[in-house]
Each structure stands twice: as C-alpha cells, then as structure tokens.
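Below, each chain spelled out in residue letters.
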Amino acid sequence: MSYKKETICIQGGWQPGNGEARVLPIYQSTTFKYSTSEEMGKLFDLEAEGYFYSRLQNPTCDAVAQKICDLEGGAAAMLTSSGQSATMLAVTNICEAGDHVVCAAKVYGGTSNLLGVTLKRFGVEVTLVDQDDPEEELEKAFQPNTKAVFAETVSNPAGVVLDIEKFARLAHSHGVPLICDNTFATPINCRPFEFGADIVTHSTTKYMDGHAMAVGGCIVDSGNFDWNAHADKYPGLTTPDESYHGVVYTERFGKKAYITKATAQLMRDMGACQSPQNAFLTNIGLETLHLRVPRHCENALKVAKYLENHEKVEWVEYAGLESSKYYELAQKYMPDGVCGVLSFGPKGGKEGAMRFTNALKMISIVTHVADARSCVLHPASHTHRQLNDEQLIEAGVLPDLIRLSVGIENVDDIIADLEQALQAV
Ligand SMILES: *Cc1c(COP(=O)(O)O)cnc(C)c1O
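Residues numbered from 1 in each chain as written. Predicted model: local features only at pLDDT ≥ 70, side-chain atom pairs only at ≥ 80, totals over all residues. Heavy atoms only, no water.

A. How the structure looks around the site of the ligand. Around the ligand sit 14 residues, and of these N156, D181, S203, T205 and K206 come closest. One nitrogen or oxygen atom from the side chain of N156 is found 2.8 Å from an oxygen atom belonging to the ligand. In this structure, a nitrogen atom belonging to the ligand sits 2.7 Å away from a side-chain N or O atom of D181. Summarising the interface, the protein chains cover 92% of the accessible area of the ligand, which totals 380 Å² for the free molecule. Here the ligand occupies the largest pocket. Looking at side-chain class alone, the shell around the ligand contains three nonpolar, eight polar and three charged residues. (Near = heavy atom within 4 Å. Polar contact = N/O pair within 3.5 Å; in protein donor to acceptor, adjacent residues only side chain to side chain. Areas by Shrake-Rupley, 256 points an atom, 1.4 Å probe, with all protein chains shown as cover. 1 Å grid on protein atoms, 1.4 Å probe; cavity = no way out; pocket = protein on both sides within 12 Å on 5 of 7 lines; lining within 4 Å. Sits in = over half its atoms within 2 Å of the grid points. Nonpolar A, V, L, I, M, F, W, Y, C, P; charged D, E, K, R; others polar.)

Here you go:
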C-alpha cells in the first residue's frame, strides 16, 4: 500500500506487531540477544537480517530511516550522526583516493570544506562548478576518474535552486550518479528522484527535526543507478568485498546494494551512527513535517514581499519571489513552496546590518536555520568575521547579507519585529 506524504509523516516507518508499542520505542540498547551461535553467524555473513550491534543498525533508527525513505520514494535509507556524516558516507561509499567529484560551488560551507579540504587530504579531488552554467560549460568539469556529482536542491545559504534534470542528464551521460542534498526543500516540497537524482542526503537537524533538538543525517538511495553498467568505475559495489566475506553487494542486494555497503562497510569502520534517542526526537519532528513546511514557506513569502517593498531594504533574495532569478526553476521543481530561509540586505551596508540584528527582539541571533523559531545570522559579523569587505565579496558573502530563517510564529509578529529593527537602520 503506498500512502501520500502526509500519511507517511504520521504512519511511515514503525509498523508495530500485535501487542507491541503503538509509538516508536527508543531501543536504547547497544546490542541484541540470540540463542545460538549459528543464528548470530548468519547475521555476520549478511545471510540473515537482524540486529546485533547499534553501530551498524538499530530498530529505532531503521524505522526513522524507512519513514524518510518512503517520503523520498527511495529503495533504501540509513540514518547518520549528522548531515555532515551523511555527505561523508554518501561520497566515500563510491569514491576513493584517486577519484574525483563534480560539485556545485554554492553549497553549504561544511560540504565545501569536507570535499575541498578533508576529502582532498584523503586523495579525492573536487571541481566546483557554477550550477547556472549551460551544459556545454559544465561538461568541461568531468574527468575520466569522476565518480559522482553533488549539489543541493536549494542551497544553504544562497537559496539557489538546482536545475535537477540538467544535472541528472550531465551525471548520467558520464556514467555517474547525481547526489542531491535535499535538506532545505525537504521531500514535502521536492522529491529529487522524480527528476532523475539517484541519491539524496539530508541534514535532519533542520526542518525534519524542526525543533532544534537533535543533530542528525540521512542517506536515501533511489535504487535506480545501474552500478553494473559502470562496473569498472564502482568495483566496491560490483566485486567481492574481502572485508565482508567476499560479498558482492550488487549481486546479493540489488536495489539495496549502495545502502547495504554504506552500512555494512562504512558505518562498521567509521561509526558515524545516530543515537536511538536522537532518532526518536527526529521522528517526532517528522510527524508534523507536512504541516510545518507549508507554514514556513507561507510565512517566508509574506516576509520576503514585505522586505522587498521596504524603503530600508536594499535587496531581497528568495526563490519564491517573482523577482528572483530562480523563480522559474522553483516553480518547476517545488511549486508548493521553496523553504523558510531567505536573505536580504538592509540599507547601510555592514554597519546597517549589525544595527538591524542588534535591534531585533523576538528573532534571535543563532548559528542555525530551519527550525520553528525565527532566527538570523549576519555572516560578515559572525561566521565570516575575520574577512574584510573585499574578501567577503570574493567569498560570495555580501557585507550586508542577513540570512533570515522564517519560523512558524504568527507572521504579523515576525514582521512587527523586523519593522521595529529596520527603523534602527
Ligand atoms: C546543516 C546542513 C548540513 C550539515 O548538517 P549537520 O547536521 O549540521 O551536520 C549539510 N547540508 C545542508 C544543506 C545543511 O543545511
């Protein structure tokens, strides 16, 4: 039986048997008991399914992964300790030293650091591309050793909307999968698999949790990429894994090959697992995702329109506004709404932006986005404060840029707070 997304948010994942807890229980146990060594042995050989150690799999985490998998329309999914570890495992599951990744330049700072600094130290090279470039230009980034394309459906913080079909076409014409970070749009607004993406990652820390309580991540595989058709590129999936009793993941697990390898091999070795407690909290968030996301979008659009017409505001960027360069892409890929995050510049440059943030009363200054509470960040005086104006512009961060994450309070109260703070500018 396939349900609509609202129903999956509530009913997906945990399917209790007779007499079992109706609500997803927290399996707060590192380990699981078996009666015979033979049974336990089969689990280690991946011949039987079952739990044995929570670093690899845990029933609470699996139920939440299944819910996200169903929301995305995927074939298999796994939770990770954070969005960062989701990106890390999603990439290293198919890339090793000597390989190369094509990545959209406007992605989350943590992602560009991971790819450009840490994975570079591990021997994986990245080429950053301007995702708005035409296909002929983007083609030039590909190399014979390219193994994946990575991009965000809606980028954090720039709010750039990805042309998913263009990126999927490019990736597939080079025989590699497209990995999309769908954190900001969420599957409520956009399901990247429907447009050709192969793998989706999430920082569940944002809208999925929605209450700013639990750091977490998730990887979902569509099961659509044909690893065997490009077997030479992906020996890790298509030839025996000697560290796992010679299992060939594509042979044994079909559409679940990618996630099974990431769990059995990478989670085993890297251990970036999510705690059952955090999975439980994330699940509470997921139960209202379909109600919260539309309200975030509705509020954000009203706030964006209010700012756009304000005499003390220099510019506003929000893909839900008709004036945005990304309006048409947003209409195509996420017609019900983009997300609750927008950016704008108050008059008065960097000083004006600082006066504005200091004058806010309800809207708080935090290093977070995409939860129920409205909040702001002024990169020039927070995350990027070591840079001068020239360096800021080079880094793509305007000195006056305010990132505003519009929450789900009453929009009149949000606007009233913005209004009194803009008067200080
Ligand atoms: C926050 C974020 C991440 C990193 O997630 P964490 O849960 O903080 O590790 C990755 N991608 C995007 C788009 C994000 O917003």
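B. The sheet that holds strand β3 (residues 125-129), seen in detail. Spatially, the seven strands line up as an open sheet ordered β1-β7-β6-β5-β4-β2-β3, and their pairing is mixed. Looking at which strands have only one partner, the edges of the open sheet turn out to be β1 (76-80) and β3. Looking at each pair of strands side by side, their axes are set apart by 20 degrees on average, direction ignored. As paired elements, strand β2 (residues 100-104) and strand β4 (residues 146-152) share four bridges and run parallel to each other. Paired with V102 across the strands is V149, a residue of β4. In this fold helix α5 (residues 109-121) packs onto β2, β3 and β4, with an angle of close to 150 degrees to the strand it touches most, β3. Its contacts with the sheet place helix α11 (residues 257-270) against β1, β6 (199-203) and β7 (217-221), and it is angled at close to 30 degrees to β1. (Pairing = 2+ DSSP bridges. Helix = DSSP H or I, 4+ residues; strand = E, 2+ residues; numbered from the N terminus. Axes fitted to C-alpha atoms, helices over the stretch in contact; angles between N-to-C directions. Contact = heavy atoms within 4.5 Å.)

C. Main features of the environment of S54. Along the chain, the position of S54 falls in the loop between α2 (37-44) and α3 (59-72). According to the relative accessible area criterion, S54 is buried, its value standing at 14%. S54 sits 221 residues away from S275 along the chain, and the two C-alpha atoms are 8.4 Å apart. Among all residues touching S54, those that are not within four sequence positions of it are S29, T30, F32 and C273. A polar side-chain atom of S54 sits 2.7 Å from the main-chain carbonyl oxygen of S29. (Buried < 20%, exposed > 50% of the residue type's maximum accessible area, 1.4 Å probe, protein only.)

D. Just the layout of surface pockets, in detail. Here the largest pocket is characterised by a volume of approximately 1200 Å³. Of all elements in the fold, only α4 (83-92), α5 and β8 (313-317) reach the threshold of two or more residues within the lining of the largest pocket. No other element matches the five residues that α5 contributes to the lining of the largest pocket. Looking at the lining of the largest pocket residue by residue, the classes come out as 18 nonpolar, 21 polar and eight charged. Counting only domains with at least three residues in the lining of the largest pocket, you end up with domain 1 (5-284) and domain 2 (290-422). In this structure, the second largest pocket occupies an estimated 980 Å³ of space. (Points joined across faces, edges and corners; volume = space filled by probe spheres on them. Domains from an automatic or database assignment.)

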